[in-house]
Amino acid sequence: MTIDTDVPALEVRGLRKVYQQLVAVDDISFVMQRGEAFGFLGPNGAGKSTIVKIITGLVRPTQGTARVLGRPVSDLEMRKHVGYLPELPNFHRWLRAQEFLAFHGRLYGMQRQTLAKRSAEVMTQVGLAGREQQKLGTFSKGMLQRIGLAQALLNQPDLIILDEPVSGLDPVGQSDMRNILLQLKAQGTSIFLNSHQLADVEVICDRVAIIDKGRLLKIGPPQSLFDEPLTLEVHVDCANAELLRRLGAVSLAVQQDEQHPGRLLIEVQHEQQAADIAAAVHASGARLYLLKPHGRTLEDLFLHTLGASH
Ligand SMILES: Nc1ncnc2c1ncn2[C@@H]1O[C@H](COP(=O)(O)OP(=O)(O)O)[C@@H](O)[C@H]1O
Ligand SMILES: [Mg+2]
C-alpha cells in the first residue's frame, strides 16, 4: 500500500468516549496535515491518552470517527505506516532488545534483511547501540522509553504517535528525544505528540491543542494562542526619567522593578516593537543588558487557559 500524500495524517470528527458515566472525551474534532507536528496538551485525566488509544485502534469511540492517513483506524495496512509509543510501555521483560525489535518487525511484515538493517539504525538513533543483547527487564525507565521509540521508528513510519514520550527521561534523555523528533520532522514525518513538557511542545509542534475534561479549549500555532499583549523584559544599567519617557512613548505600559530599578517589564502589542525599545534605550544614553519576551511561554498559556475554563 502506498499512502496518498494529499490525505491528512489524522482526521478526527465529533469524537466522544464515555466510560460508564464518565465522559473522557467530549466532541473533539481536528485535522492534522501530513508533515505537521501537532501537540496535545492537558492536565492528567484530560482525555489525551484516550484519544491516542482511539486513533491507534485500541479503544472504540462511543461516537464520532477517526481516520488515520486517510484510512479507518482498523485498517491493518495503514497501521504499518504508523509508529506508536504508548504512555507507559509495558514491554515483555524477558525479551532482549534485539528480540523485542524483531518481534515488532515481524508484526510489520518486514523482511529479515531489512529488519536487521533497520534494527541497527534505530538502536543507534535512540542511543542504545551496544545494548542489543540486554533483557528489557534490566532496562531503566529511560531506556524503556528509548527502546519504545526505536520500536515506533522501526518501519520508517509516515506518522508517529507519541504519548508522553519524555516521562521518565533525565534532562539528557529529554534533549535527545527532542532532537530525534526535530530530525524526524525535518524528514517530513508527521508527529502527534502528547506531552506535559510544554517547552518541548513549543519547540517541536507547529500547532497545539489544549484539552481539559475531554473538551478542546484552544487550537492553533503556539504563538497565536496568546490573546494578551506581549510583555518584554528589559535590563539596563540605569533607568532615568528620560528613558522611562521614551519607553512610554513606544509601548503600552512600563513597569519598573522596585528592588532593581534597572529591570523593566514593558508591554507591547507586537514582537517587532522590541526594535523600538532597543532604540529608545540607546537614544537615552543607557546601556542595554537584556531584552527578551517575558511570561509568554506555553506554560503560561496552559495555566491561563485552564484557569479560565474552571
Ligand atoms: N479504561 C477506562 N475505564 C474507565 N475510565 C477510564 C479508562 N481509561 C481512562 N479513563 C478515565 O478517562 C479520563 C481520561 O483519561 P486519559 O485519557 O488517560 O487522560 P490523560 O491521558 O489526559 O491523562 C480519566 O478520568 C480516566 O480516569
Ligand atoms: Mg495520558
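Residues numbered from 1 in each chain as written. Chains lettered and ligands numbered in written order. Predicted model: local features only at pLDDT ≥ 70, side-chain atom pairs only at ≥ 80, totals over all residues. Heavy atoms only, no water.

Q: Can you break down the pairing of strand 3 (residues 37–41) residue by residue, with the values?
A: Walk down a regular strand and you will see the side chains alternate between the two sheet faces. With 5 of its 5 residues buried, strand 3 lies for the most part within the structure. Burial of the side chains of strand 3 extends over both faces: Ala-37, Gly-39 and Leu-41 are buried on one face and Phe-38 and Phe-40 on the other. Two strands pair when backbone bridges link them, and strand 3 and strand 8 (residues 190–194) are joined in this way by 4 bridges, in the parallel orientation. Note that in strand 8 the partner of Gly-39 across the bridge is Leu-193. Two strands pair when backbone bridges link them, and strand 3 and strand 9 (residues 207–212) are joined in this way by 4 bridges, in the parallel orientation. Bridge pairing in strand 9 links Leu-41 to Ile-210. (Buried < 20%, exposed > 50% of the residue type's maximum accessible area, 1.4 Å probe, protein only. Helix = DSSP H or I, 4+ residues; strand = E, 2+ residues; numbered from the N terminus. Pairing = 2+ DSSP bridges.)

Q: Go over the coordination of the magnesium ion (ligand 2), please, and point to the residues and values.
A: Every protein donor of the magnesium ion (ligand 2) is accounted for by Ser-49 (OG) and Glu-87 (OE), and the metal-donor separations fall at 2.1 to 2.5 Å. Placement of Ser-49 in helix 1 (residues 48–55) and of Glu-87 in the loop between strand 6 (82–85) and helix 3 (97–107) is noted, with a sequence separation of 38 residues between them. Overall, Glu-87 belongs to the partly exposed group, its relative accessible area being 30%. (Donors = N, O, S within 2.8 Å, 3.2 Å for Na, K, Ca; no water.)

Q: Report on the layout of surface pockets, specifying residues and quantitative values.
A: In this structure, the largest pocket encloses a volume near 520 Å³. Lining the largest pocket are 19 residues, and of these Arg-79, Tyr-84, His-104, Tyr-108 and Gln-151 lie nearest its centre. Counting residues per element, the ones that place at least two in the lining of the largest pocket are helix 2 (76–79), strand 6 and helix 3. Per-element tally for the lining of the largest pocket: the top contributor is strand 6, with 3 residues. When grouped by side-chain class, the residues that make up the lining of the largest pocket number 12 nonpolar, 5 polar and 2 charged. (1 Å grid on protein atoms, 1.4 Å probe; cavity = no way out; pocket = protein on both sides within 12 Å on 5 of 7 lines; lining within 4 Å. Points joined across faces, edges and corners; volume = space filled by probe spheres on them. Nonpolar A, V, L, I, M, F, W, Y, C, P; charged D, E, K, R; others polar.)

Q: Describe the nonpolar core, with residues and values.
A: Ile-147 and Leu-149 are the most contacted members of the largest nonpolar core, which totals 45 residues. The biggest single contributor to this core is helix 5 (residues 141–153), with 6 residues. Among residues more than four places away in sequence, those in contact with Leu-149 are Leu-85, Val-126, Ile-160, Leu-162, Met-177 and Ile-180. (Core = buried A, V, L, I, M, F, W, Y, C linked by side-chain atoms within 4.5 Å. Contact = heavy atoms within 4.5 Å.)

Q: Could you give an account of the packing of helix 8 (residues 241–250) against helix 9 (residues 274–283), naming the residues involved and the relevant values?
A: For the pair helix 8 and helix 9, interaxial distance at closest approach is 9 Å and the crossing angle is 155°. Classed by the angle they form, the pair helix 8 and helix 9 counts as roughly antiparallel. Along this stretch, helix 8 crosses helix 9, giving a crossing that reads as right-handed. Each of Glu-242, Leu-243, Arg-246, Leu-247 and Val-250 in helix 8 lies in contact with helix 9, whose residues at this interface are Asp-276, Ile-277, Ala-280, Val-281 and Ala-283. For the contact of helix 8 with helix 9, a count of residues per class yields 7 nonpolar, no polar and 3 charged. (Axes fitted to C-alpha atoms, helices over the stretch in contact; angles between N-to-C directions. Parallel < 35°, antiparallel > 145°, perpendicular 65-115°, else oblique. Left-handed = near helix turned anticlockwise from the far one by under 90°.)

Q: So what's going on with the packing of helix 5 against helix 6 (residues 171–186)? Residues and values would help.
A: The axes of two packed helices give the description: the angle between them and the distance between them. Contact pair helix 5 / helix 6: the axes reach a minimum separation of 12 Å and the direction vectors enclose 10°. Compared by their axis directions, helix 5 and helix 6 come out roughly parallel. Here Arg-146, Leu-149 and Leu-153 of helix 5 come into contact with helix 6, specifically with Gly-173, Asp-176, Met-177, Ile-180 and Leu-184.

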